[in-house]
Amino acid sequence: NLEYSVQAHTKTAMAAHKHARFAFIQSKVDASQIWFYHGLAASNFDAVNAQITDAQFYNLSLGLFTGYVPYSNFKLFLVSGSTHTFTDGQDFVTTTSAGPDTTTGFPLPKWTGSLVKFWPTKSICTGNFTTSPEPTDVDYCDPAVTPECETV
């Protein structure tokens, strides 16, 4: 049984290239990723995962990123909301950790600029730290994923 894991290859690269920055920008409830997840689950006759909620998706995303926390070259910018991409067009300059086109939160351009200009940069998340969120909560930050996170 051959299994391919993007996460395993990413961890190998992080370990091999300790001075390279591995920075991720992720919406807490990325609508495109959730749509794809629903479709993939349904096409595999997985009725449970074909109905995944926003909160369940956010929890799964955090679980993936937890595996990268031991690597000092891992940084994460979590964006509240459901937008899929931020690096093309106007969203790049108007997005903060509180969402696209908001004036609150930590600005995405400032964070990406700090990745280029100096290191270390903190991971960013808007919300309260909690390890036991409500079942429908997506407005929190998990200290296991972003232990040195700048919450805004």
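Above this text is the structure in question.
Let us look at the structure shown here. Note on numbering: residues in each chain are counted from 1, in written sequence order. Residues qualify for local features only when their pLDDT is at least 70, as the model is predicted, and side-chain atom pairs are given and counted only at 80 or more; totals for whole chains, interfaces and linings, by contrast, use all residues. Here the side-chain values reflect all heavy atoms present in the structure, with hydrogen atoms and water set aside.

## What about unusual backbone geometry?
Definition in use: Segments assigned H or I by DSSP are reported as helices when at least four residues long, segments assigned E as strands when at least two residues long, and all are numbered from the N terminus. Each residue gets one of three labels from its accessible area relative to the maximum for its type: buried under 20%, exposed over 50%, partly exposed in between, using a 1.4 Å probe on protein chains only.
With a phi angle near 55°, F45 is a residue other than glycine that sits in the positive phi range. Along the chain, the position of F45 falls in the loop between α2 (31–43) and α3 (54–66). Backbone geometry places D101, a non-glycine residue, at a positive phi of 55°. Looking at D101, the relative accessible area reads 57%, which means it is exposed.

## Here's the deal with the state of the cysteines
Quick reminder of the rule: Two cysteine sulfur atoms form a disulfide, by the criterion used here, when they sit within 2.5 Å.
Applying the stated criterion across every chain, the model contains one disulfide. Shown here is the disulfide that connects C125 with C141, its sulfur atoms set 2.1 Å apart. Handedness of the C125-C141 disulfide follows from its S-S torsion of about -95°: it is left-handed. Note that C125 is positioned in strand β3 (residues 124–125) and C141 in strand β5 (residues 140–141), a separation of 16 residues in sequence.

## A word on the packing of aromatic side chains
Here the distance between the centres and the angle between the planes together describe a pair of aromatic rings. Heads up, the condition is: What counts as a ring pair is set by centres within 6.5 Å for rings of Phe, Tyr and Trp (its six-membered ring), and what kind of pair is set by the plane angle: stacked under 30 degrees, edge-to-face over 60, tilted for all other angles.
Under the definition given, this model contains eight aromatic pairs. Taking 5.1 Å as the distance between ring centres and 45° as the angle between the ring planes, the aromatic pair formed by F77 and W111 counts as tilted. With a gap of 34 residues between them, F77 in strand β2 (residues 74–79) and W111 in helix α5 (residues 108–117) connect regions that are remote in the sequence. By the burial criterion, F77 is buried, and W111 matches it.

## A few points about the nonpolar core
Note the cut-off: Within this scheme, the nonpolar core is defined by two criteria: the residues are buried Ala, Val, Leu, Ile, Met, Phe, Trp, Tyr or Cys, and they are joined through side-chain atoms within 4.5 Å.
Counting residues in hydrophobic clusters, the biggest one holds 19 residues, and the most contacted among them are Y58, L62, F65, F74, L76 and L78. Elements represented by at least two residues in this core include exactly α3, β2 and β5. A total of five residues in this core trace back to one element, the largest contributor, which is α3. In terms of nonpolar packing, the next biggest core, distinct from the first, is built from eight residues, V79, F106, L108 and L115 among them.

## Notes on the environment of F74
Tracing the backbone shows F74 in strand β2. The sequence separation of F74 and S123 amounts to 49 residues, and the corresponding C-alpha distance is 8.4 Å.

## Notes on the layout of surface pockets
To find leftover empty space, one rolls a probe the size of a water molecule over the atoms. To keep things clear, this is the line we draw: Here the term cavity refers to a set of points on a 1 Å grid, laid over the protein atoms alone, in which a 1.4 Å probe fits but cannot get out; the term pocket refers to an open set having protein on both sides within 12 Å along at least five of seven lines, with lining residues being those that place an atom within 4 Å of a point. Grid points are joined across faces, edges and corners, and a volume is the space filled by probe spheres set on the points.
Considered as a void within the structure, the largest pocket measures approximately 490 Å³ in volume. Per-element tally for the lining of the largest pocket: the top contributor is α3, with five residues.

## Some thoughts on the pairing of β2
The following threshold applies: The rule for pairing is simple: two strands pair if DSSP sees at least two bridges between them.
Among the six residues in β2, six count as buried, and that is most of the element. In β2, alternate side chains face the same way, and those of F74, L76 and L78 on one face and K75, F77 and V79 on the other are all buried. Sheet topology note: the strand β1 (residues 22–27)/β2 ladder contains six bridges and is parallel. Looking at the pairing, F22 lines up with F74 of β2.

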